[in-house]
Amino acid sequence: MPIRHIEAQSLFVLNAGQTTYALKVSEQGVLLHLYWGPALGGRLDGIDHRRGQDRAFSPTLAGAPKGVSLDTLPQEYPTHGSSDFRQPALEVFQPADGSRIVSLRYAGHRIEPGKPALEGLPSTYVESGADADTLTVMLEDKHIGLRVELLYTVFAGHPVITRSARVVNAGMAPLELRRVLSASVDFDTDVADYKFVQLSGAWARERDARFSPLRPGVQAIDSRRGTSSHQQNPFIALAERGADEEHGAVHAFNLIYSGNFLAQVEHDQFACSRAQIGINPFDFSWLLAPGEAFQAPEAVLAFSADGLGGMSRALHRFYRRHLLPIAWRDRERPILVNNWEATYFTFNADKLEAIAAAGAELGVELFVLDDGWFGKRDNDLTSLGDWFVDRNKLPGGLADLAARINARGVQFGLWFEPEMISVESELYRAHPDWCIHVPGRPRTEGRQQLVLDFSRAEVRDAIHDSIARILRSAPITYVKWDMNRHFTEVGSAALPADRQQETAHRCVLGLYALMDRFTREFPHILFEGCSGGGGRFDPGILAYMPQIWTSDDSDAIQRLRIQYGTSLAYPFSTMAAHVSAVPNHQVGRVTPLRTRGDVAFTGSFGYELDLGAMTDAEKAEVKRQCAHYKEVRRLLMSGDLYRLKNPGDSREAAWMVVADDATEALVTHVTVLAEPNAPHRRLKLRGLDPARTYRVRRDDTETSVAGDVLMHAGLPVPDAPGDFHSVQWHLKAAT
Ligand code: DGJ
C-alpha cells in the first residue's frame, strides 16, 4: 500500500517507488516530519524515536512536557509565534487584533485513490485512480478558525511525492495571508554533509548548475521579477557529500509555478535542515474573507539514491508521464525552421516562402514566422497587443502565406507575445490602464513595452479574442508564446488598495487561465513556451506547453552548459534546441555545422537560420541531420538521459539517451577545446544491457560491441581534429 496510516503510533508512511516519506502527529497534535529517504521495509520500529531534551533557549510548547519545543521538533508545516524561530511555511496577519500567531494542530485526515486537480493552478495529473493515492491532512487553528489542508500524492512507480497546501478561512474575521509555502521538510543533516544545488544564471546564460556547501543559516534563491526568471529556477536539491552523477542521496524540490517563488534551506543550531519551496512571500499578501480558500501551487519532491543522474531520470520520467499535456507528451515534435535569426524584423512573403521551401527540400517539417508580422512591428519599439497582420509586409495576409508554405509541404507556425503591450500601439491608446502600473508613478519600460494586467478578465478576454481570430484565420499548427520583460510598478487598476499585493500572483493565475483556454480551444496546435529564451522554463508552463525555447543563446558550446543545467530537472523532450548561423549571433563563435546539429539533438530540434543561403555542402549536412533526427527522435523524446561528462568540469562534454528497454541509445561527445597530443579518451556508457551485443554506428562505420564492454571498458573517443568537434554514435541491440 503506497500510503499507510498506523493509527497506534499516529504515523503516516508514504511509499513512493524507491523512497519512503513518513510523518506523525505528536501528542500535542503537531504534524511532525519523521523521514524521507531510501525505501524502508514494512517494519518501522524506532522510526519515531526522537530526542526530547530540554534545550536552553528553546521554549517549551504551551501545555507540553519540558523538552517539547517547536524550536527543535522537525515539522511538516511550521508557523511562527509559539516557540519555532525558524523560517515558517505559513504567516497570517489577523487584522482584528494585529496578531500574527498561528498554531496549527491535527484535525483529521483522508486517504483516497487518485489525485485532485488544484483549483486555478497547473498540477500533475493521473489518468486513473490506480496511478496514485493522495493523503490529505487537515490542520487547524481553532483560535482564528483557520484550516490548512496539506495534500501528499504518491504515484505508482515514481520516487516522487507531490505536496500542496490549501488554506481556508473558516472563522468569522478576515485574515491576511502573508506567506503560504507549498512544502516544508525538516530533516536531520550534518551541515558538512550536504551540497545546495541550484540552477541560476541570466538572459542567454540560463540554468547554470551551481553546487555550494550547505552552511548554517538560510541559503535561499528566489524570483521577485513576476516570472520564474532567467536568474533563478524554481528548483533546488540537497545532494549528500560525495554524491555525483550516479551515486549518493539527492533530495530535489521543484515548484509548479511560473511567478515569484522562494526556495530555501535553513540549517539550524541542531543540524536540522528545513527545506522549503513556494510562492515568494516578498511583496505578497492575500486577503482571505470568511469562507474563502487560497490554493498554493504544487511542489514536486523527488528522492534519488543514485546521484544527480538518478534524480534527473526520476523527474524526467515523472514529468513525461504526469505533467506534460497529454495530447503532446508522447507525440514526436516536428523539425522546424524559425526565421528570427535569419531575418529579424525585415522580411516579406517571398523571403519567408524561400526559407520554408529550402527547409522542405532538406527535411524540415514546420516553418515558424517569428516576431514582426503584426501591427507596425518593424522593430521592437511598437505594436505589441495589435494582433492583426501587417499588410505592408504580408499583403496577402497569413492565410495566403500559410497556403504558400503548406504548398511546399511544410506546416505553418506563428509567434505571439500575448502578455505584453507596447506604448506605441492601438491597444495602449485605447486602454492605457490595461497594463500593470501604479497611478501617478512613471511606467518603467523594458524592451519599450509594458506588461498587461492579466489579473483582469476583460484584458484576458480581449487578448484571447484577437489572438484566437488570428489562429482561426490560417492553418496554424504551432505557436511560440513569448514573454520579454519582467514586472515593475506592480499594481492593478482593478484591485483595491488592500489587495494590491495580490497583483503578481493574480497575473500568474490569469496567465494560466488564458493558456488553459487556448490549449483547450486549439488542441491541434503545438504551443512552445518562451521568455526571452528560457526565462520561464518551469513546470507551470510545461503543464500547458510541452516544450520551451531553452535559451536565446543558440551557440552550441554555450548551450552545452545551459542544456546540462536544464537537464538536471527537465526532460529533453521539453527543450527546444536549434542550429543557428555562424559566427553565432550571441557570442560570435564559429563552430562546425555538424557540432551544432549534434548539440541540438536534445529533444525538440530545429533551425534558426536562412536555409536558402547555405552552400550545397551545408545543405547536404542539414539533410543528413534531418534524416538522422527523424530516425532517433522517438528515442530522444522518451529515453533515459545519462550525463557522462559535465561541460562545466572539463574540456569535453558527453551524454547519452537510452531507450526504456535498453535496445537503442544515442551517444554524443563534444570536445570543447582540442589539445595537442591529447590523452586517450574513453566513454564508459551507462544504462545499457550488459548481456546484449550492440551494433555501434558512427557515420558510415559500424562495429559490434558487447554491452558490458561498452559500459566497463568504454567506447574509444577519436581525437578531435580541432576545437568544438563532436562525435555521435547510434547503438542498436543486435541480440
Ligand atoms: C525573444 C525570443 O527568445 C526570440 O527567440 C525571439 O522570438 C524574440 N524574442 C523576438 O522578439
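A short tour of the structure in this document, coming up. (Residues numbered from 1 in each chain as written. Predicted model: local features only at pLDDT ≥ 70, side-chain atom pairs only at ≥ 80, totals over all residues. Heavy atoms only, no water.)

1. Here's the deal with the pairing of strand 27 (residues 526-529)
Then step 1. Residues of strand 27 alternate between two faces, with Leu526 and Glu528 on one and Phe527 and Gly529 on the opposite face, all of them buried.
Then step 2. Strand direction decides the pairing type here: strand 26 (residues 476-481) and strand 27, joined by four bridges, are parallel. Counterpart to Val479 in the pairing with strand 27 is Phe527.
Then step 3. In this region the chain leaves strand 26, passes through helix 8 (residues 503-521) and returns to the parallel neighbour strand 27; the handedness of that crossover is right-handed.
Then step 4. Here two bridges tie strand 27 to strand 28 (residues 547-549), and the two strands are oriented parallel to one another. (Buried < 20%, exposed > 50% of the residue type's maximum accessible area, 1.4 Å probe, protein only. Helix = DSSP H or I, 4+ residues; strand = E, 2+ residues; numbered from the N terminus. Pairing = 2+ DSSP bridges. Right-handed = clockwise from strand over helix to strand, strands pointing away.)

2. Digging into the site of the ligand
Then step 1. Near the ligand there are 13 residues, and of these Asp370, Asp371, Lys480, Asp482 and Asp552 occur at the shortest range.
Then step 2. Asn484 is positioned such that a nitrogen or oxygen atom in its side chain is 3.5 Å from a nitrogen atom of the ligand.
Then step 3. A total of 290 Å² of accessible area belongs to the ligand in isolation, and the protein chains cover 98% of it.
Then step 4. Taken together, the residues of the shell around the ligand break down into four nonpolar, three polar and six charged. (Near = heavy atom within 4 Å. Polar contact = N/O pair within 3.5 Å; in protein donor to acceptor, adjacent residues only side chain to side chain. Areas by Shrake-Rupley, 256 points an atom, 1.4 Å probe, with all protein chains shown as cover. Nonpolar A, V, L, I, M, F, W, Y, C, P; charged D, E, K, R; others polar.)

3. Section: the sheet that holds strand 28
Then step 1. Ordered by their spatial adjacency, eight strands build a closed barrel running 21-22-23-26-27-28-29-30, and the pairing between neighbours is parallel. When the angles between neighbouring strand axes are averaged without regard to direction, this sheet yields 30 degrees.
Then step 2. In this fold helix 5 (residues 397-407) packs onto strand 22 (366-369) and strand 23 (411-416), with an angle of close to 140 degrees to the strand it touches most, strand 23.
Then step 3. Set on the sheet, helix 12 (residues 616-638) makes contact with strand 29 (575-580) and strand 30 (604-608); between it and strand 30 the angle comes to about 165 degrees. (Axes fitted to C-alpha atoms, helices over the stretch in contact; angles between N-to-C directions. Contact = heavy atoms within 4.5 Å.)

4. Digging into the packing of helix 7 (residues 457-473) against helix 8
Then step 1. The geometry of helix 7 relative to helix 8 is characterised by a closest axis approach of 11 Å and an angle of 25 degrees between their N-to-C directions. When the axes of helix 7 and helix 8 are compared, the pair comes out roughly parallel. Of the two elements, helix 7 crosses helix 8, and the hand of that crossing is right-handed. Within the contact between the two elements, helix 7 uses Arg460, Asp461, Ile463, His464, Asp465, Ile467, Ala468, Leu471 and Arg472 and helix 8 uses Gly510, Ala513, Leu514, Arg517, Phe518 and Glu521.
Then step 2. Its residues assigned to classes, the contact of helix 7 with helix 8 shows seven nonpolar, two polar and six charged. (Parallel < 35°, antiparallel > 145°, perpendicular 65-115°, else oblique. Left-handed = near helix turned anticlockwise from the far one by under 90°.)

5. Quick notes on the environment of Ile3
Then step 1. In this fold, Ile3 is placed in strand 1 (residues 3-6).
Then step 2. With relative accessibility at 5%, the residue Ile3 sits in the buried group.
Then step 3. A sequence separation of 350 residues divides Ile3 from Glu353, and the C-alpha atoms of the two residues are 57 Å apart.
Then step 4. Those residues within four positions of Ile3 in sequence are excluded, and the remaining contacts are Val13, Leu14, Ile111, Asp133, Thr134, Leu135, Tyr152 and Val154.

6. Section: the packing of helix 11 (residues 593-600) against helix 12
Then step 1. With their axes 10 Å apart at the nearest point, helix 11 and helix 12 run at an angle of 20 degrees to one another. Classed by the angle they form, the pair helix 11 and helix 12 counts as roughly parallel. Handedness of the helix 11/helix 12 crossing: right-handed. Only Glu618, Glu621, Val622, Arg624 and Gln625 of helix 12 make contact with helix 11, whose side of the interface consists of Leu593, Arg594, Gly597 and Asp598.
Then step 2. A breakdown of the residues in the contact of helix 11 with helix 12 according to their chemical character gives two nonpolar, two polar and five charged.

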